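Read off the chains here:
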Amino acid sequence: MAKKSDYFGLGYLVSLILAIIPVTSWILGAVTRFMEGKIVAGILRLLLGWNIIWILDIIFMAISKHILRLLNI
């Protein structure tokens, strides 16, 4: 069985594909942070998640199977 990854516990390959697509990465990254109870981090992802955070999400997803956790607030 495939290990669970970010984006609602979907499989690693599905999460990686969703991270590569800019719009889904932006929206799902923010939703994931809101679901974790990290309101400030979710708001920052909505405001800044379309540029460097998107590229870092792809790299982190490929290496560690989790999106970037820049802020734990």
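Since this is a predicted model, take the numbers as computed values, not measurements. (Residues numbered from 1 in each chain as written. Predicted model: local features only at pLDDT ≥ 70, side-chain atom pairs only at ≥ 80, totals over all residues. Heavy atoms only, no water.)

For the rest of this paragraph, the subject is the nonpolar core. Counting 7 residues, the largest nonpolar core consists of Tyr7, Leu16, Leu18, Ala19, Leu28, Met61 and Ile67. Looking at which element gives the most residues to this core, the answer is helix α1 (residues 12-20), with 3 residues. (Core = buried A, V, L, I, M, F, W, Y, C linked by side-chain atoms within 4.5 Å. Buried < 20%, exposed > 50% of the residue type's maximum accessible area, 1.4 Å probe, protein only. Helix = DSSP H or I, 4+ residues; strand = E, 2+ residues; numbered from the N terminus.)

Scanning the model with the defined rule gives 0 aromatic pairs in all. Directly above the aromatic system of Tyr12 lies the positively charged group of Lys65, at a separation of 4.9 Å from the ring centroid. (Phe/Tyr/Trp six-rings, centres within 6.5 Å; stacked < 30°, edge-to-face > 60°. Lys NZ or Arg CZ within 6 Å of the ring centre and 35° of its normal.)

Right, let's talk about unusual backbone geometry for a bit. Phi angles above zero are rare outside glycine, and Phe8 is one such case at about 65°. As for its position among the elements, Phe8 is in the segment before α1. At Lys65, a position not held by glycine, the phi torsion is positive, near 65°. You can see Lys65 is positioned in the segment after α4 (52-64).

Inspection of the entire model under this criterion finds 3 salt bridges. Between Arg33 and Glu36 there is a salt bridge, and its shortest N-O distance comes to 2.6 Å. Between Asp57 and Arg45 there is a salt bridge; the shortest N-O distance is 2.8 Å. Placement of the pair is Asp57 in helix α4 and Arg45 in helix α3 (residues 39-48), with a sequence separation of 12 residues. Each member of the pair, Asp57 as well as Arg45, carries the same accessibility label: buried. Linked by salt bridges that have partners in common, Arg33, Glu36 and Arg69 make up one network. (Salt bridge = Lys/Arg side-chain N within 4 Å of Asp/Glu carboxyl O.)

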